[in-house]
Amino acid sequence: MTISLNWLKSYLELKDLSPEKIAEILTDIGLEVESVERTESVPGGLAGVVVGLVKTCQKHPNADKLSLTTVDVGTGTDLHIVCGAPNVATGQKVLVATVGTTLHPTEGEPLTIKKGNIRGEVSEGMICAEDELGIGTSHAGILVLPTETPIGQAASTYFQLEEDHVIEIGLTPNRSDATNHLGVAEDLAAALKINYGHSGVVSKPDVSGFSIPAGAISPKVAVENYEACPRYSGVVIEGLSIKESPDWLKRRLQTIGVRSINNVVDATNFILHELGQPLHAFDWAKVAGQEIIVKTLPTGSKFRSLDEIERSLDEGDLMICDGQSQPMCIGGVFGGLNSGVSDSTTAIFLESAHFNSKWIRRSSVRHNLRTDAAKVFEKGSDPNNTVYALQRAALLIIELAGGRIASQVVDLYPQVVEKQQVQVKYAYVNMLIGANLSKSEVHDILAALNMDIVAKDDSTFTVAVPTNKNDVTRPADVVEEILRIYGFNRVEIPAQLSFTPGVAPQPEPAAMRQAIGDYLAAAGFNEMMAISLSDSKHYEKSVSNPNESLVFINNTSNAQLDIMRPDLLINGLEAVVHNQNRQQARLRLFEFGKSYRLNNGEIEEKEKLSLIICGDRWPKNWVTGANVSSKNGKSPYYNLKSYVQNLLSRMGFEGYQESSLDHEQFTYGLRYHRGQQTLVEFGRVNGQLAKNLGVRGEVFAAIFEWETLLKSLRKHADSYQELNKFPTTSRDLALIIENSVKFSDIASIARKVGKKLIKEISLFDVYENAAQLGEGKISYAVSYLFEDAEKTLEDKDVDKVMNQLISEYETKLGAIIRK
């Protein structure tokens, strides 16, 4: 939210406080200041520009269109200035930019005035036109001032330029009371009164001059949905003259980034930012039947909004309609094209309403209309402020545009919102704050916040909460209000701190994540961090992630990212595309992140770890490029598999099962699991999926169920054993088997047969030749490492196990042993 310091000062005396100090106090009371920026109504503030008297003026001897002048600027020494303006003449009062002055013209770059020589004549300044000063667009000639203007007067004084400071406040959603200048002034006044001896007086705009003439009409207004519109107020103003706003109003609005439109619309915007009450002005002549109806319309009804877009309405959109039920405005959100104020408007119906924040939020998001009015209503406007704001706005409009009040004030308010009463214990205040506040201190702070104490005794008090503080509903909320004004920095840090040490789960998640991240980084991977949002179109035909399992969101900043990501793969592939588009083809990426799915109506979050590899296996250099280029792209799948197995090994996993991967996102791959519990799925990413996202070439990915891995490790006990002092021995086997048999089947049988003696099983050769081996056959060369912790193995011990292995392979796998 943007606040003008000068605007703020019109309600609260702040002359002894610097902008920086004011920002500090605002931050201390919960209105966090993000920036303070000095602004000027004219860039540069016309510093160095003064009023001068042209004492002499004659033609330049070397240039027909130039004049030589001497100018008195009040310094005691006349300046010699070469001027090219056709209207310069002796006796004129002009504006002179002295040497060293930087001008900010209406168009073009800033210009610094230097002493120079123009066609052989010295020039010690510049007599300025209004566009050269940045105060207008005319370049027809120099600006000539009235003859009574004092010589030497600063241009900033002559034009009464206003310097201001723009304060950006990071307003939190719960601060419905501080969406406007007056609300900020009242909060600031409370802090100044309690902590700085300030009077705490806030000057609210006076509306005592508002009156209704005799014989005023009673406009027809009906509200059909009081849930969406609990209060609706309005008044008719006639005899208006629509024109440009005065400079003071334009400056106020422009300082906070609001564009000036005309005097009536500017007045409504001014009140919005002054009082936090959105208003809307309808051209009364364009309201059919001179009747206002607040209602909803059937889904699909059409409405052409102020931005000339035809919008399809929803039955949940509250509309302000005319007597023929034609929509004129989305209530509290955005006006219509044909019902607003124009240059020909002479009468308006001025609306001041309180709308339900939930209704406004839904319509604002649905139509992607994030207006200032909608933002105020979403936080919760004050239902008891509509008539006061209406009277203030009506008086301002009459001041700016003429006219008169032409109707009674309409005020439909069937269920009056009363101040909520909250009972709080004094002891609870001190316990929650951690300080010892006296009862009188508590009373003073609440009084400064305009929170009336309606009952009290020795131990408790009951406070009536103003209706503009709709977030203050509990004793803790009241204590927060007290603490904000008392001051967080005044709460002393205790000399002793008591705490209960916690026991971290084993394995400690952060430490394990760091260890695995270090391993992957050492292996050449780069960590990526993707946004937890995705585009639902990627899952339109998904079986594993059907539409009913997706978590949809209303993302107003980027409508394409409309779901929480159900997996990490799509984000990984998008990262691949991003890098490939920047000539990074060889990629090794990993990400720790969450996936989101709907399960029986509940959102299910799961921690996962993804690995992505693509491109050459080795970086290209003078070794790999020259000697192994033909093999550089080979076996990336097995490369990924080795990373997966090494990662599981480093985490202490053994004894998991292996199954073929059947998943729409992968062409082929493996699934490691324990029973039905998946540990990791990995393989070659589906080529069509990758192509649809713009990926070039093959991509291989692994998705670890990180939460499952950590839970499994909690049941795992580390064990240690001494190094074996007896020698090892090895044996090799060449097996001809069906090509459907996996190496994991061979290894599993070996572990069962030789579980006491076989320590390692490795595959060191794969051979395929249909002519020699037979159709559908493959040859695996397998090495076995034998070891006994109690003795040196003899050949007969090893042979016994090998014979059992051969028998099992022949029986269970139909293997033929190559001799």
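Residues numbered from 1 in each chain as written. Predicted model: local features only at pLDDT ≥ 70, side-chain atom pairs only at ≥ 80, totals over all residues. Heavy atoms only, no water.

Brief notes about the overall build of the protein chain
Scanning the protein chain from N- to C-terminus turns up 22 helices and 42 strands. The C-alpha atoms of the protein chain give 40 Å as radius of gyration, which overshoots the globular expectation for 819 residues (28 Å, by more than 25%). Dimensions along the principal axes, computed over C-alpha positions, put the protein chain at roughly 125 × 85 × 70 Å. A burial count over the protein chain gives 47% of its 819 residues as buried. Restricting the contact set of the protein chain to residue pairs at least 6 apart, pairs at least 24 apart contribute 70%. Total accessible area on the protein chain is roughly 41700 Å²; 47% of this is exposed by carbon and sulfur atoms. Seen as two clouds, the 83 positive and the 103 negative side-chain charges of the protein chain have centres 6 Å apart. (Helix = DSSP H or I, 4+ residues; strand = E, 2+ residues; numbered from the N terminus. Rg over C-alpha atoms; globule rule 2.2 N^0.38 Å. Buried < 20%, exposed > 50% of the residue type's maximum accessible area, 1.4 Å probe, protein only. Contact = heavy atoms within 4.5 Å. Areas by Shrake-Rupley, 256 points an atom, 1.4 Å probe, with all protein chains shown as cover. Lys, Arg positive; Asp, Glu negative; His and termini not counted. Charge placed at Lys NZ, Arg CZ, Asp CG, Glu CD.)

So, the environment of Phe653
You can see Phe653 is positioned in the loop between helix 17 (636-651) and strand 35 (657-660). Once you skip the residues sitting within four places of it in the chain, Phe653 turns out to touch Leu648, Arg674, Leu679, Leu709, Ser712 and Leu713.

Examining empty space enclosed by the protein
The final tally for this structure, using the stated rule, is one cavity of 30 Å³ or more. Estimated volume of the largest cavity: approximately 40 Å³. If you go around the largest cavity, the residues you meet are Pro43, Gly44, Leu46, Ala47, Thr102, Leu103, His104 and Leu133. A breakdown of the residues in the lining of the largest cavity according to their chemical character gives five nonpolar, three polar and no charged. (1 Å grid on protein atoms, 1.4 Å probe; cavity = no way out; pocket = protein on both sides within 12 Å on 5 of 7 lines; lining within 4 Å. Points joined across faces, edges and corners; volume = space filled by probe spheres on them. Nonpolar A, V, L, I, M, F, W, Y, C, P; charged D, E, K, R; others polar.)

Considerations on the pairing of strand 37 (residues 677-685)
Within strand 37, seven of the nine residues are buried, leaving the element largely enclosed by the surrounding structure. Taken together, strand 36 (residues 666-674) and the strand that follows it, strand 37, pair antiparallel across an intervening segment of two residues, in which Gly675 is found at a positive phi of about 65 degrees. One ladder, built from five bridges, connects strand 37 with strand 38 (residues 699-705); its direction is antiparallel. Paired with Glu681 across the strands is Ile703, a residue of strand 38. (Pairing = 2+ DSSP bridges.)

Details of the sheet that holds strand 32 (residues 563-564)
On the basis of which strands lie adjacent, the open sheet formed by three strands has the order 30-32-31 and antiparallel pairing. Among the strands making up the open sheet, the edge pair consists of strand 30 (533-534) and strand 31 (551-552).

Structural notes on the layout of surface pockets
For the largest pocket, the calculated volume is near 2000 Å³. Forming the walls of the largest pocket are 45 residues, and the residues nearest its centre are Gln645, Tyr656, Phe743, Ala747 and Arg751. Going through the elements one at a time, helix 17, strand 35, strand 36, helix 20 (743-753) and strand 40 (758-767) are the ones with two or more residues in the lining of the largest pocket. Residues belonging to the lining of the largest pocket are distributed by class as follows: 16 nonpolar, 18 polar and eleven charged. Looking at the second largest pocket, it is lined by 35 residues, and the ones nearest its centre are Ile261, Val265, Asn269, His280 and Leu306. Among the elements of the structure, helix 7 (263-275), strand 16 (279-283), strand 21 (327-330), strand 22 (334-335), strand 23 (348-354) and helix 9 (372-379) are those that each provide at least two residues to the lining of the second largest pocket. Here the lining of the second largest pocket gets five residues from one element, more than from any other, and that element is helix 7. When grouped by side-chain class, the residues that make up the lining of the second largest pocket number 18 nonpolar, twelve polar and five charged.

Observations concerning unusual backbone geometry
Not every positive phi belongs to a glycine, and Asn368 is a case in point at roughly 55 degrees. Here Asn368 is to be found in the loop between helix 8 (357-366) and helix 9. A positive phi angle, near 60 degrees, is found at Asn450, a position not held by glycine. Note on placement: Asn450 falls in the loop between helix 12 (439-448) and strand 27 (452-456).

Points about the packing of aromatic side chains
Applying the stated criterion to the full structure yields 15 aromatic pairs. Ring geometry for Phe592 versus Trp706: centroids 5.0 Å apart, planes at 75 degrees, classification edge-to-face. Placement of the pair is Phe592 in strand 33 (residues 587-599) and Trp706 in helix 19 (residues 706-714), with a sequence separation of 114 residues. Judged by its relative accessible area of 9%, Phe592 falls in the buried class. You can call Trp706 buried: its relative accessible area is 4%. Positioned above the aromatic ring of Tyr426 is the side chain of Lys439, whose terminal nitrogen or guanidinium carbon lies 5.2 Å from the ring centre. (Phe/Tyr/Trp six-rings, centres within 6.5 Å; stacked < 30°, edge-to-face > 60°. Lys NZ or Arg CZ within 6 Å of the ring centre and 35° of its normal.)

Concerning helix 7
Here helix 7 is 13 residues long and its end C-alpha atoms lie 18 Å apart, about the 18 Å a rise of 1.5 Å per residue gives. Most of helix 7 is tucked away, with 13 of its 13 residues classed as buried. The backbone nitrogen of Val264 has a side-chain oxygen 3.2 Å away, supplied by the residue at the start of helix 7, namely Asn262. One or two residues past the end of helix 7 sits Gly276, with phi positive at roughly 75 degrees. (Expected span 1.5 Å × (residues − 1). Polar contact = N/O pair within 3.5 Å; in protein donor to acceptor, adjacent residues only side chain to side chain.)

Some words on the sheet that holds strand 27
Whether parallel or antiparallel, the strands of a sheet pair through hydrogen bonds between backbone atoms. Spatially, three strands are ordered 26-28-27 in an open sheet, and the strand pairing comes out antiparallel. Unpaired on one side and paired on the other, strand 26 (420-425) and strand 27 mark the two borders of the sheet. Going across the sheet, the axis of each strand differs from the next one's by a mean of 30 degrees, ignoring polarity. Here helix 11 (residues 426-433) sits on the sheet in contact with strand 26, strand 27 and strand 28 (460-465), set at roughly 75 degrees to strand 26. (Axes fitted to C-alpha atoms, helices over the stretch in contact; angles between N-to-C directions.)

A few points about the state of the cysteines
Tallied over the full model, the rule gives zero disulfides. Cys229 takes part in no disulfide bond, and the closest cysteine sulfur to it belongs to Cys329, at a distance of 11 Å. We note that Cys329 lacks a disulfide partner, and the nearest cysteine sulfur, in Cys321, lies 9.6 Å from it. (Disulfide = S-S within 2.5 Å.)

What to know about the packing of helix 11 against helix 13 (residues 475-486)
For any two helices packed against each other, one specifies the crossing angle of their axes together with the interaxial distance. Following both chains from N to C, one finds helix 11 and helix 13 inclined at 65 degrees, their axes separated by 10 Å at the closest point. Here the hand of the crossing between helix 11 and helix 13 comes out right-handed. Note on element contacts: helix 13 touches helix 11 through Pro475, Ala476, Val479, Ile482 and Leu483, opposite Tyr428, Val429, Leu432 and Ile433. Within the contact of helix 11 with helix 13, the residues separate by chemical class into nine nonpolar, no polar and no charged. (Left-handed = near helix turned anticlockwise from the far one by under 90°.)

Topic: the confidence of the model for the protein chain
When pLDDT is averaged across the protein chain, the result is 91; 97% of the residues are at 70 or more. Taken as a whole, residues 626-631 scores under 50 in pLDDT and shows three contacts with residues more than four places along the chain or in a different chain. (pLDDT = per-residue confidence, 0-100.)

Details of the pattern of salt bridges
If you walk through the whole model with that rule in mind, you get 38 salt bridges. Taking the shortest distance from any N to any O, the salt bridge between Glu163 and Arg38 comes out at 2.7 Å. Highlighted residues: Glu163 in strand 13 (residues 163-169) and Arg38 in strand 2 (residues 33-40), separated in sequence by 125 residues. Among the ionic pairs, Asp187 bridges to Arg484, the shortest N-O distance being 2.8 Å. Of the two residues, Asp187 is situated in helix 5 (residues 181-196) and Arg484 in helix 13; the sequence distance between them amounts to 297 residues. Taken as a pair, Asp187 and Arg484 share a single burial class, namely buried. Here the salt bridges share partners, and the residues they tie into one network are Arg175, Asp177, Asp187, Lys469, Glu481 and Arg484. (Salt bridge = Lys/Arg side-chain N within 4 Å of Asp/Glu carboxyl O.)

As for the pairing of strand 34 (residues 602-614)
Sheet topology note: the strand 33/strand 34 ladder contains 13 bridges and is antiparallel. Counted as the bridge partner of Arg597 is Glu604 from strand 34. Taking the residues that link successive antiparallel strands as the turn, the strand 33-strand 34 hairpin has two residues, and the phi of Asn600 there is positive, at about 55 degrees. Bridge count between strand 34 and strand 38: seven bridges; the pairing is antiparallel. Across the sheet, Ile613 pairs through a bridge with Phe700, a residue of strand 38.

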